[in-house]
Amino acid sequence: MAGLALAVAVPASVLTAAHAADGPARTAPTSAGVDSAMSKALDALPASDGRYTVAVEDLHGRGSAVYGEETGAFDTASVVKVDILAALLLDAQDRGEPLTAQQKKLAAAMIRSSDNDATNALWKAIGGTDGLNAANKRLGLKDTRTDKDGHWGLTRTTAADQMVLLEAVLGDGHSPLTAPSRGYLRSLMSTVEANQRWGISAAADSKRPGATPALKNGWLPRSETELWDINSIGRVEYGGHTLLVAVLSDGQPSYKKGVDLVERAATTAVKAFVKAERR
């Protein structure tokens, strides 16, 4: 089944009154021309298995667009590990204390090598679903839902919400996370293991100095269907633009085909987005 198409501006976030003061600032929508250009380019791709959605935001142009938003929510798989670390850092900030040496060791393993044992330990440290839900209210995520049985990889999210998360952890504007916290997250996401540098990094300028992508990928075979969730989120540099990019997919027949889809979608979306912004 081909990825369903709909390119729309990311809506402004609605924060609770209790957290409005420290919630992230949201970007303005792009012009209809940029939305249309990205949608047209992705619609022209060959039909794919399963579903997918793509979001792109230009941090300097302050524009954003989402494709496939009407497909609904997707499993996060391991991209939720960025969210878990953001929750841990928020808690440390609230207590006025740095992460412990053990927490830093676990965080590095969780982000750089996607270690699940480390994630389980930090999931417990933040208070599991309650802790993540509380952090997400502060971060401004509206459509991300934790699994009722507490499985962190089965948290459900949308591409638009992943843009909110990426703004908070990798953006340059106001965020509940301090600059040192964001710098720490970006340093880990910029140094993932070599075999995990696929995904949205395919859309980055490969030879530009200082253009190392900051990313986290997720992959999860679903036992019920034997199909794969394949996701990639992060920050890339392309054509002089600093972009936040998220691609979420499910129903993929194999890990490789899912990775190929994510990279093709990310590259196509970024090129069309930037080309349209230049007009």
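Here the structure is a predicted model, which means the values were calculated and not measured. (Residues numbered from 1 in each chain as written. Predicted model: local features only at pLDDT ≥ 70, side-chain atom pairs only at ≥ 80, totals over all residues. Heavy atoms only, no water.)

Moving on: the overall build of the protein chain. Secondary structure summary: the protein chain contains eight helices and eight strands in total. Considering the protein chain as a whole, with its 279 residues, one finds that 55% of them fall into the buried category. Across the protein chain, every contact between residues at least 6 apart in sequence was considered, and the portion connecting residues at least 24 apart equals 69%. (Helix = DSSP H or I, 4+ residues; strand = E, 2+ residues; numbered from the N terminus. Buried < 20%, exposed > 50% of the residue type's maximum accessible area, 1.4 Å probe, protein only. Contact = heavy atoms within 4.5 Å.)

So, about the pattern of salt bridges. All chains considered together, the criterion is met by 10 salt bridges. Residue D250 pairs with R51 through a salt bridge whose shortest N-O separation is 2.6 Å. Taken together, the residues span a long stretch of sequence, with D250 in strand 8 (residues 241–252) and R51 in strand 2 (residues 51–58) at a distance of 199 residues. Across the pair, exposure class does not vary: D250 and R51 are buried alike. Put simply, R156 and D75 hold a salt bridge, and the shortest N to O gap is 3.0 Å. Of the two residues, R156 is situated in strand 5 (residues 156–157) and D75 in strand 4 (residues 74–75); the sequence distance between them amounts to 81 residues. A relative accessible area of 32% means that R156 is categorised as partly exposed. Take D75: its relative accessible area is 5%, and that puts it in the buried class. (Salt bridge = Lys/Arg side-chain N within 4 Å of Asp/Glu carboxyl O.)

When two helices pack together, their arrangement is captured by the angle between the axes and the distance separating the axes. Orientation of helix 2 (residues 80–95) relative to helix 5 (residues 128–139), taken along the N-to-C sense of each, is 85°, at an axis distance of 9 Å. If you check the angle between helix 2 and helix 5, you find them roughly perpendicular. Along the contact surface, helix 2 presents V80, D83, I84, A86, A87, L90 and D94, while helix 5 presents L132, A135, N136, R138 and L139. When the residues that make up the contact of helix 2 with helix 5 are grouped by side-chain class, the tally is eight nonpolar, one polar and three charged. (Axes fitted to C-alpha atoms, helices over the stretch in contact; angles between N-to-C directions. Parallel < 35°, antiparallel > 145°, perpendicular 65-115°, else oblique. Nonpolar A, V, L, I, M, F, W, Y, C, P; charged D, E, K, R; others polar.)

As a further point, take the confidence of the model for the protein chain. Looking at the protein chain, pLDDT values average 89 and 87% of them are 70 or higher. Long-range and interchain partners of residues 1–21, a stretch whose pLDDT sits below 50, account for 55 contacts in this model, where long-range means more than four residues apart. (pLDDT = per-residue confidence, 0-100.)

All right, on to the nonpolar core then. V82, I84, L85, L139, V169 and L177 are the most contacted members of the largest nonpolar core, which totals 46 residues. Among the secondary structure elements, those contributing two or more residues to this core are helix 2, helix 3 (101–112), helix 4 (116–125), helix 5, helix 6 (159–170), helix 7 (179–189) and strand 8. With near-sequence residues (within four places) excluded, L85 lies in contact with L99, A107, M110, I111, Y184, L185 and L188. Core analysis: the next-biggest nonpolar cluster, separate from the first, contains 32 residues, V34, A265, A266 and V270 among them. (Core = buried A, V, L, I, M, F, W, Y, C linked by side-chain atoms within 4.5 Å.)

What follows concerns the pairing of strand 8. Extensive coverage of strand 8 is indicated by the burial of 11 of its 12 residues. Two strands pair when backbone bridges link them, and strand 7 (residues 227–238) and strand 8 are joined in this way by 10 bridges, in the antiparallel orientation. Paired with V236 across the bridge in strand 8 is L243. Here strand 7 folds back onto strand 8, and the loop between the two strands holds two residues, one of which, G239, carries a positive phi near 55°. (Pairing = 2+ DSSP bridges.)

The next point concerns the packing of helix 2 against helix 3. Interhelical geometry of helix 2 versus helix 3 gives an angle of 160° and a closest axis separation of 10 Å. The angle between the axes of helix 2 and helix 3 places the two elements in the roughly antiparallel class. Between helix 2 and helix 3 the crossing geometry is left-handed. Here K81, V82, I84, L85 and L88 of helix 2 come into contact with helix 3, specifically with Q103, A107, M110 and I111. Residue classes in the contact of helix 2 with helix 3 are distributed as seven nonpolar, one polar and one charged. (Left-handed = near helix turned anticlockwise from the far one by under 90°.)

Attention now goes to the packing of aromatic side chains. The tally for this structure, following the rule as stated, stands at five aromatic pairs. With a centroid separation of 5.7 Å and an interplanar angle of 65°, the aromatic rings of W228 and Y255 are classed as edge-to-face. You can see W228 sitting in strand 7 and its partner Y255 sitting in helix 8 (residues 255–278), a full 27 residues away along the chain. Taking the relative accessible area as the measure of exposure, Y255 reaches 31% and is therefore partly exposed. Members of the aromatic cluster, connected to one another through ring pairs, are W198, W219, W228 and Y255. (Phe/Tyr/Trp six-rings, centres within 6.5 Å; stacked < 30°, edge-to-face > 60°.)

This brings us to the pairing of strand 7. When you tally the buried positions in strand 7, you get 10 out of 12 residues, the bulk of the element. Hairpin connection from strand 6 (residues 214–222) to strand 7: four residues lie between these consecutive antiparallel strands, with E226 at a positive phi of about 60°.

The next thing to look at is helix 5. Spanning 12 residues, helix 5 covers 16 Å between terminal C-alpha atoms, matching the ideal 16 Å at 1.5 Å per step. For helix 5, the set of buried residues is G128, G131, L132, A135, N136, R138 and L139. The buried residues of helix 5 all sit within an arc of 155° when viewed along its axis, so they share a single face. Looking at the buried residues of helix 5, the elements they touch are helix 2, helix 4 and helix 6. (Expected span 1.5 Å × (residues − 1). Arc of directions from axis to C-beta.)

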